[in-house]
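Here is how the chains run, residue by residue.
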Amino acid sequence: MAREPGDRREGDRSNGDRRDGDRRRGGEGARESDRGDRRGGRPDEPPLPDDVEASDLDGAIRRDLLSLDKNNAESVARHLVMAAQLLEEDPELALAHARAARQRAGRIAVVRETAGVTAYHAGEWAEALSELRAARRMSGGAGLLAVMADCERGLGRPERAIELGRSDEARLLTGDEAAELRIVVAGARMDLGQYDQAVVTLQTPDLDPARTGPAAARLFYAYAEALLAADRKDEALKWFLNAASADLDGDTDAEERAEELGDHDGDLAVTADTDDEEQ
């Protein structure tokens, strides 16, 4: 769960902060789940539809929940399913489900990651950044670095987004993940008025007009935006057209942007011709 285009908390305490007497067979949430059946939610949780099952969740993620009490694991899984299903159409309700899963299983990395991504989609930048930091402390790796950098932009801290782009972890990224981070860093450069630097940030071998698909379309579109901001309109038009060709699913408005830019250039040309005739 990740969108392609922000810290209030620093995550949970470690297991070492819990007294031995608090550890019960069945793992985290055992006591809570003892108080109700699989359909009984907590008062502060959004209701779970009866037709949503834990088996709807990806098997690899369900395996991450095995440390939980069975009933609690089932509730967490169903909340995660709802968060994924509602992410695009109702991100605020999706976030409510993700928060419910986090409250039940806050020491499981995939739950914190889901909460972070869902908060990101809901525009809760600080919460998203905090949850993603917690997830990375638990599981390691450089995943979702682009989302974290974009949260920094959302919080009005483009300099921090650029710092993330320069980090050792960023150097571990390859392929589409690396391209996504470059797109975010280029956007941060534009936030600071550094348009030429934004253009340079995106100039990699991935700028191949023969490429198609969502990742290529996003990269070409971002490059066109940077070129336009740098007042390189002819090149921007070319890359909006490349983005439109790569965008097989119509996820961007690249075609419309190209038409607008072409029409604008045509109007300027007509105006210039008229001025020449008057002279």
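Residue positions within a chain follow its written sequence, with the count starting from 1. Only residues with pLDDT of at least 70 are given local features in this predicted model, and only at 80 or more are side-chain atom pairs given and counted; all residues enter the totals for whole chains, interfaces and linings. Only hydrogens and water are set aside; all other atoms, that is, all heavy atoms of the structure, feed into the side-chain values.

Draft legend 1. Here's a closer look at a negative patch on the surface. A surface patch of negative charge is lined by Asp-253, Glu-255, Glu-256, Glu-259, Glu-260 and Asp-263. A run of H or I in DSSP counts as a helix once it spans at least four residues, and a run of E counts as a strand once it spans at least two, with each numbered from the N terminus. Following the sequence through the fold, Glu-256 ends up in helix α14 (residues 254-278). Think of a patch as exposed residues, more than 30% relative accessible area, with no salt bridge, where like charges cluster within 9 Å and nonpolar side chains (Val, Leu, Ile, Met, Phe, Trp, Tyr) cluster within 5 Å. In these tables, accessible area is a Shrake-Rupley quantity obtained with a 1.4 Å probe, and a residue counts as shielded only by the protein chains included in the view. Whenever Lys or Arg places a side-chain nitrogen within 4 Å of a carboxyl oxygen from Asp or Glu, that contact is recorded as a salt bridge. The sign given to each residue is positive for Lys and Arg and negative for Asp and Glu; His and the chain ends receive no count. Lys charges are placed at NZ, Arg charges at CZ, Asp charges at CG and Glu charges at CD.

Draft legend 2. Summary view of the environment of Asp-44. Relative to the helices and strands, Asp-44 resides in the loop between α1 (30-33) and α2 (59-64). To sort residues, take the accessible area from a 1.4 Å probe on protein chains only and compare it with the maximum for the residue type: under 20% means buried, over 50% means exposed, and anything in between is partly exposed. Owing to a relative accessible area of 54%, Asp-44 belongs among the exposed residues under this scheme. With 56 residues separating them along the chain, Asp-44 and Ala-100 place their C-alpha atoms 8.1 Å apart.

Draft legend 3. Structural context of the confidence of the model for the protein. Values of pLDDT, which run from 0 to 100, indicate the predictor's confidence residue by residue. Looking at the protein, the pLDDT average stands at 84 and 79% of residues meet or exceed 70. Low pLDDT, under 50, characterises residues 1-39; the predicted model gives this stretch 89 contacts beyond four residues in sequence or across chains. Every residue pair with non-hydrogen atoms within 4.5 Å of one another is taken to be in contact. Below a pLDDT of 50 lies the segment residues 267-275, which in the model reaches zero contacts outside its immediate sequence neighbourhood of four places, other chains included.

Draft legend 4. Expanded view of the packing of aromatic side chains. Working definition: a ring pair exists when centres of Phe, Tyr or Trp rings (six-membered ring for Trp) sit within 6.5 Å. Plane angles under 30 degrees give stacked, over 60 give edge-to-face, the rest tilted. Per the stated rule, a full pass over the model turns up four aromatic pairs. Seen in terms of ring centroids, Tyr-120 and Trp-125 are 5.7 Å apart; in terms of plane orientation they differ by 65°. Their pairing is edge-to-face. Its relative accessible area of 2% is what places Tyr-120 among the buried residues. Classification of Trp-125 by relative accessible area gives partly exposed; the value is 25%. Seen from their ring centres, Tyr-221 and Phe-240 are 5.3 Å apart, and the 75° between their planes marks the pair as edge-to-face. Of this pair, Tyr-221 sits in helix α12 (residues 214-229) while Phe-240 sits in helix α13 (residues 233-246); the two residues are 19 residues apart in sequence, bridging distant segments of the chain. A relative accessible area of 15% means that Tyr-221 is categorised as buried. Look at Phe-240 and you get buried, because its relative accessible area is 0%. Taken together, the ring pairs connect Phe-220, Tyr-223 and Trp-239 into an aromatic cluster.

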